[in-house]
Amino acid sequence: MRQDDPGIDLETSLGYLLKEAASALRAAMEAVLRPLGLTITQYSCLELLAQRPGLSNSELARGAFVTRQSMNVLLQAFERDGLVTRPAAAPVGKTLPTELTPRGREVLEGASAAVRSVEERMLTGMSPADRAGAFRSLRGMVQALQEHG
């Protein structure tokens, strides 16, 4: 880097701050999920299935930000552990819709409470208006990057 080209000032870079916040959030979530025997990806998968039963492997992989292969391994382990069910054959096409079992819902209940506690801690000191503004700002940033990416 040239002397007259200082690059990005990390103290004022919103992108760097977002990365720092994401890293801190990830570490806090890992800390509360680890005692429950879950990773963030496993928790994300369970949460997605609770909110959208019947998602395919590909849809779950996209929602949890992992590869289809990684999601397939995760789902096989969940199936073995009795957390999800998938039909032996696809009812339509090649898609095997996945659903939570009662045991999966029970595991998710504890994990969701743990993750909510992290989010509440993250938002401590913010008014409802501040929270709403932060949400709008972050959603706008995501949309701007997706539209122009």
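Scroll up for the structure.
Definitions and cut-offs
- Residues numbered from 1 in each chain as written.
- Predicted model: local features only at pLDDT ≥ 70, side-chain atom pairs only at ≥ 80, totals over all residues.
- Heavy atoms only, no water.
- Helix = DSSP H or I, 4+ residues; strand = E, 2+ residues; numbered from the N terminus.
- Rg over C-alpha atoms; globule rule 2.2 N^0.38 Å.
- Buried < 20%, exposed > 50% of the residue type's maximum accessible area, 1.4 Å probe, protein only.
- Contact = heavy atoms within 4.5 Å.
- Areas by Shrake-Rupley, 256 points an atom, 1.4 Å probe, with all protein chains shown as cover.
- Polar contact = N/O pair within 3.5 Å; in protein donor to acceptor, adjacent residues only side chain to side chain.
- Axes fitted to C-alpha atoms, helices over the stretch in contact; angles between N-to-C directions.
- Left-handed = near helix turned anticlockwise from the far one by under 90°.

J.: I would appreciate a short explanation of the overall build of the protein in the present structure.
T.: For the protein, the helix and strand inventory stands at 6 helices and 2 strands. Taken from the N to the C terminus, the helices and strands of the protein come in the order α-α-α-α-β-β-α-α. At 19 Å, the protein has a C-alpha radius of gyration far larger than the 15 Å of a compact globule built from 149 residues. Principal-axis analysis of the C-alpha atoms places the extent of the protein at approximately 65 × 35 × 30 Å. For the protein, the residues scored as buried account for 26% of the 149 residues in total. In the protein, once contacts between residues fewer than 6 apart in sequence are set aside, the share between residues at least 24 apart is 45%. For the protein, the accessible area works out to roughly 10400 Å², and carbon and sulfur atoms hold 56% of it.

J.: Teacher, can you tell me more about the environment of P53 here?
T.: Checked against the element boundaries, P53 lands in the loop between α2 (40-51) and α3 (57-64). Between the alpha carbons of P53 and L100 there is a distance of 7.4 Å; along the sequence they are 47 residues apart. Discounting chain neighbours no more than four positions away, the residues touching P53 are T98 and E99.

J.: Whenever I open this one, the side chain of R86 confuses me. Can you help?
T.: Here R86 is to be found in the loop between β1 (84-85) and β2 (99-100). Of the polar contacts made by the side chain of R86, one reaches the side chain of N72; its length is 3.5 Å. Looking at R86, its side chain comes within polar contact range of the side chain of E79, at 3.2 Å. With residues near it in sequence (within four places) discarded, R86 still touches N72, L75, Q76, E79, L96, P97 and T98.

J.: Help me understand the packing of helix α1 (residues 14-33) against helix α5 (residues 102-122), please; the structure alone is not making it clear to me.
T.: The packing of two helices is summarised by the inter-axis angle and the distance between the axes. Between α1 and α5, whose axes approach to 9 Å, the crossing angle comes to 145 degrees. For α1 against α5, the interelement crossing comes out right-handed. Contacts from L25, A28, M29, V32 and L33 of α1 reach α5 at A111, A114, V115, V118, R121 and M122.

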